[in-house]
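As a plain string of letters, each chain reads:
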Amino acid sequence: MSLALKLREGTAEKHAETEKVPYLIATFRGKIDPQTYTLQLECFYHIYKVMEEEFTKQKSHPILSKIYFPEIFRTKAIEEDIAFYESKKGTKRSGTISAKTQSYIDHILRVSKENPTMLLAQSYVRYLGDLSGGQVLKKIIAKTFALESADGLAFYEFPALEDFQAFKEKYRSLMNEMPLSESEQSELVEEAKSVFDLNKDLFVELESKVPQNN
């Protein structure tokens, strides 16, 4: 079984668990407000910033160098979205790093220091998720906040990619060709599961921010 398939099948249950978090259910139903969404983006900003900084530090790593694609980095796009909601929707940043966001960041830093290869799982879950389910969320967010253009949706936009599906296939192919042992592949699957857990915890934390009348 290929590594890409192992990751997909190995994280399927965690993926399903995450989608059942009330915050995401509210999001899918168009029930979140601009302020709460801004707080989500703020959390993501800190997470992606650290992840992308660590990837850049490790860009010469024999494994990570194969999937180092700075053109899909999200930090700048998230910053643009936050600025849009502040300007057009009157939202405000919290100005702090939440507990679950900090836990996520600490995990990334620990992985980068102790076993950089595991950053592959971080990249797989985040970027391939953004290019897949994230595109569904893009339409939902646009409808929820009545956005008439791409403004406010930069997080889901990948202008450097002409064909999302082709890029995802290339990414999976590169993973499958990596010289990783069975034990390393199994470890990557476990790390990917951890990423889903970290995301789930973050969404559970955000749930307390959603106005109760929703």
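To keep things clear, this report deals only with the structure shown in the data block. All of these numbers come straight from a predicted model, not from anything done at the bench.

What follows is about the environment of alanine 83. Relative to the helices and strands, alanine 83 is located in helix H4 (residues 75-89). For alanine 83, a relative accessible area of 34% gives the class partly exposed.

Moving on, we get to helix H3 (residues 34-57). An ideal rise of 1.5 Å per residue puts 34 Å on 24 residues; H3 measures up with 34 Å between its terminal C-alpha atoms. The element H3 is extensively covered by neighbouring structure, given that 18 of its 24 residues are classed as buried.

Time to look at the side chain of threonine 11. Structurally, threonine 11 is set in helix H1 (residues 3-19). Owing to a relative accessible area of 4%, threonine 11 belongs among the buried residues under this scheme. Other than its neighbours up to four places away in sequence, threonine 11 contacts Val189, Ala192, Lys193 and Phe196.

Mapping serine 149 onto the fold places it in the loop between helix H7 (133-144) and helix H8 (164-176). On the basis of relative accessibility, which here comes to 38%, the residue serine 149 falls in the partly exposed class. Looking at serine 149, its side chain comes within polar contact range of the main-chain nitrogen of aspartate 151, at 3.2 Å.

Definitions and cut-offs
- Residues numbered from 1 in each chain as written.
- Predicted model: local features only at pLDDT ≥ 70, side-chain atom pairs only at ≥ 80, totals over all residues.
- Heavy atoms only, no water.
- Helix = DSSP H or I, 4+ residues; strand = E, 2+ residues; numbered from the N terminus.
- Buried < 20%, exposed > 50% of the residue type's maximum accessible area, 1.4 Å probe, protein only.
- Expected span 1.5 Å × (residues − 1).
- Contact = heavy atoms within 4.5 Å.
- Polar contact = N/O pair within 3.5 Å; in protein donor to acceptor, adjacent residues only side chain to side chain.

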